[in-house]
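Observations on the model geometry
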Amino acid sequence: MKADTFTLEQVFGLTTRYVVPLYQRPYVWELEKQWEPLWDDVRTVAERLTDATTDNDDVPHFMGAIVLAQTWSPIDKAARLVIDGQQRLTTLQLLMAAVRDVAAEVDEQSAIKRMASLLLIEDYLVDDPEQRYKLVPTNADRTAFRQAITGAAPHGKPEPDERDQTLSAYRYFLGAVREWAHDEGDAELPATKLKALAQAIRQLIKVVVIDLEPRDNAQAIFETLNARGQPLLAADLVKNYLFQQAEAGRHDVRNLYETYWKPFDLKPWRSEVGQGRSRRPRIDVFLTHWLTMKSEDEVSWQHLFDDFRKWNASAKPPVEDLLADLTDNARIFDGFDAYPVGSTEQLFFYRLDVLQSATAFPVVLWLFGPRGIADPHDRRTALRAIESWLVRRMLRRLTTKNYNLVFLAMLKHLAADGEPSAAKVSAFLASRTGDSQEWPRDEPLLESLRTQAFYTSLVRARLRMVLEAVEADMRGALVGPFTAWGALSIEHVLPQEWRTHWPLPPDVDELKAGIERDTVKHRLGNLSLVTHPLNSSLSNAPWTAPIGDPSKREALREFNVLMLNKALVDLERWDETSIGERGELIARRILRIWPGPDDDVPAPAPGGPASSSATEPVEPEAVPAVAVASPAPAMPATGTPEAFHGAMVDLYKRAKSEAGYNATYFLSMVSDMGGLETARYLLHTSEPSDGYEALWERGRLDLTVEAAVLKPRWRGLFSDQELATARDRLLAYEFDVDAFLADVAGSNGST
């Protein structure tokens, strides 16, 4: 290694070309952090040259260091690779171009020539016009940079939303130099000032040039120096590390970069995204999840590069295989944002973001990858299980501090346990114990749902997410899917400030009743969703009022568009009893939306009526099915799953025509999950469904799913436990199962 101090005239005055390796990060220096301080320094040096009262006009100003290495090309011997300092060199070149162009405006030929000689090599000295440029930046910046160097760039002020950082820098310096040159209003002065500025740049601005020899470790030196200037992303360090390896191995670096890494240098990957309570570059977020998945070990985003280097040294993957794996998983990660609104995947990632549960991503990335769950329907079931575990724990107000350990353990379990499946995901979660890991069961969760003051104990976005899920679950196929995710406002039906228009009943202990009401008002039964304008208009209005006066009931009757509020307007009063009753209904619906370890629901069979492509649009699930264990092996069936699906649709039609019961919720389940999975789901709930009880009230339990699955044609599709559940449930409601089956046998009926 050789280090020496050079003026910019010595650095750029020869025919040496400085080539920034194409795998280096793009230009990222900014106005306040780098451009303005650099201009202040250069201007100060120039002003000393024009100030007759000072005698230190030849004192140089140091601008830091650059690290150069020999190229691997024997053809282009005049080129040097810029290992570090590319941001500084690029910025200085853009400043020189700006000085040249302002000098041209006042026809100051000396400054024009002095700057031009540092920007371009004379045509007669090069064989290829591409070799005219003293500095060759990365591919991403090359076009804009050359526009500035050749004088073809726009000369106006930078636009506030200008996307090209290189052009923005050039246009900033152009404006700053022009303003400084013309500041004193003397028509003769700009030429003098520009001549001094050109001299200062050429002779008084110095850099330390570290010139590496073939045996020097360029990567180690690069890492040591990377804290200067704009901090490097962890991804930048990873990229340099990989491509240094590729160059040392004599790979075609340009082809590797173009094939695998180039998209990572574009703004979508380098933009910052929310990660918990902080914001991080998207590429670093992805690399953290990817490395966690690959290493099956905890990765600290603060030490991402160190963790990557240790893993790479241990695993020793071929560099091209590693880059290909990165690219493939990046496509998967990118695809997480592309699922249609309302699909299982879109809702999972939306809720994962609301829950700020990024520690699940390595597992999810693995599930979508080549070693994960190939069947899209089974994979969706696995996602529902993970979502249920997260949501149920949130609703129970359990700690999140060990989530990273849980998902790391799951990752290792799935990777080591042969063929992955939703059933294995659910079984793993169901096996967790203790407050820090357990999957809450129905009874303790139901108690929390009944008694928790969720408005004050949950983050608003999470509470809204739960109410959105209830609203989506209440919508049948005829109502249409819920689409306003994240767009509605939480409304207290009984207002928080209730004392003006909501008096307590007479003859009660006002203090005790007031305390109880202040507690009840924040529970689920009193909370709903409305549009923001409707929320503002409802305010603290009374439930009912004389005709012509505002009331919540009439406003909801006129403007409500949600199923959550539909039943409210039929109530003459709204009080603590009403809140409790509605809260119970919402709580039990939440248990069905996010089933837990109590519900032994088998994984969906591939190829059934509900299976679909992972990317095709699907409506949000009325009730997600969560797998915990596979069902017992089924006996040979006369009927097929496809035929049973048709029987379930026919069951809906018969309930409507024969019993006057419009089971739109059941039809939505059948449409989304398939008839067989809907029946299995209902058989694994802890209590009969609302539809079951509605048919019981009409004296038509023969039209229930429980009765249907006992028919000889369908028995082979279900486990012995499922058949026993169906029989026991019917007998508990005094239904004569044996007589029913005798009638079926006599009529040879199946539906």
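This text follows the structure it describes.
Residues numbered from 1 in each chain as written. Predicted model: local features only at pLDDT ≥ 70, side-chain atom pairs only at ≥ 80, totals over all residues. Heavy atoms only, no water.

Observations regarding the overall build of the chain
The secondary structure content of the chain amounts to 34 helices and 10 strands. With 751 residues in all, the chain has 54% of them scored as buried. (Helix = DSSP H or I, 4+ residues; strand = E, 2+ residues; numbered from the N terminus. Buried < 20%, exposed > 50% of the residue type's maximum accessible area, 1.4 Å probe, protein only.)

Concerning the packing of aromatic side chains
Across all of its chains, the model carries 37 aromatic pairs by this definition. The interplanar angle of 85° and the centroid separation of 5.9 Å between the aromatic rings of W39 and W180 together place this pair among those described as edge-to-face. Of the two residues, W39 sits in helix α2 (residues 31-50) while W180 sits in helix α6 (residues 165-181), which places them 141 residues apart along the sequence. Using a relative accessible area of 4% as the deciding quantity, one classes W39 as buried. Here the guanidinium or amino end of R379 rests over the ring plane of F368, the centre of that ring lying 4.4 Å away. Across the ring face of W389, the terminal group of R393 is positioned such that the distance to the ring centre comes to 5.2 Å. (Phe/Tyr/Trp six-rings, centres within 6.5 Å; stacked < 30°, edge-to-face > 60°. Lys NZ or Arg CZ within 6 Å of the ring centre and 35° of its normal.)

Points about the nonpolar core
Where a protein is soluble and globular, its nonpolar side chains tend to be buried together. By size, the foremost hydrophobic cluster in this structure holds 102 residues, and its most contacted members are L242, F286, W290, I386 and L395. One finds L68, A97, L119 and I205 within the second-largest nonpolar core, a separate group that totals 59 residues. (Core = buried A, V, L, I, M, F, W, Y, C linked by side-chain atoms within 4.5 Å.)

Notes on the pattern of salt bridges
Going through the model one piece at a time under the given rule, you end up with 37 salt bridges. E258 serves as the salt-bridge partner of K262, at 3.4 Å between the closest nitrogen and oxygen. Among the residues examined, K262 registers a relative accessible area of 35% and is labelled partly exposed. E258 sits in the partly exposed class, given a relative accessible area of 33%. Between E658 and R654 there is a salt bridge whose closest N-O contact spans 3.0 Å. You can see E658 and its partner R654 sitting in helix α28 (residues 641-659), 4 residues apart, about one turn around the helix. Among the charged side chains, a salt-bridge network with shared partners connects D236, K239, D265 and R270. (Salt bridge = Lys/Arg side-chain N within 4 Å of Asp/Glu carboxyl O.)

Concerning the packing of helix α20 (residues 442-451) against helix α27 (residues 576-593)
Relative orientation of the contacting elements α20 and α27 amounts to 145°, with a least axis distance of 9 Å. Here α20 runs over α27; the crossing is right-handed. Residues D442, L445, L446, L449 and R450 of α20 form the contact with α27, whose participating residues are E584, A587, R588, I590 and L591. Tallied by class, the residues present in the contact of α20 with α27 amount to 6 nonpolar, no polar and 4 charged. (Axes fitted to C-alpha atoms, helices over the stretch in contact; angles between N-to-C directions. Left-handed = near helix turned anticlockwise from the far one by under 90°. Contact = heavy atoms within 4.5 Å. Nonpolar A, V, L, I, M, F, W, Y, C, P; charged D, E, K, R; others polar.)

With respect to the sheet that holds strand β4 (residues 79-84)
Ordered by their spatial adjacency, 6 strands build an open sheet running β1-β6-β3-β4-β2-β5, and the pairing between neighbours is mixed. Single-partner strands in this sheet number two, and they are β1 (2-7) and β5 (135-136). Direction of pairing for β1 relative to strand β6 (residues 205-211): antiparallel, over a ladder of 6 bridges. When the sheet's bridge partners are listed, F6 is paired in β6 with V207. (Pairing = 2+ DSSP bridges.)

Regarding α28
Taking 1.5 Å per residue, 19 residues should reach 27 Å; α28 reaches 26 Å between its end C-alpha atoms and fits that length. Of the residues one or two after α28, G660 is the one with positive phi, at around 70°. (Expected span 1.5 Å × (residues − 1).)

A closer look at the side chain of S528
With respect to the helices and strands, S528 occurs in strand β10 (residues 527-530). Residue classification places S528 among the buried residues on the basis of a relative accessible area of 1%. Engagement of the side chain of S528 in a polar contact is seen with the side chain of N565, the distance being 2.2 Å. If we skip the residues at most four places from it in the chain, S528 touches L467, S489, I490, E491, V493, L564, N565 and R582. (Polar contact = N/O pair within 3.5 Å; in protein donor to acceptor, adjacent residues only side chain to side chain.)

A few points about unusual backbone geometry
With a phi close to 55°, Q356 is a non-glycine residue in the positive phi region. By the secondary structure assignment, Q356 is in the loop between α15 (344-355) and α16 (361-368). Of note, E734 is a non-glycine position whose phi angle comes to about 60°, a positive value. When you line up the elements, E734 lands in the loop between α33 (720-732) and α34 (737-747).

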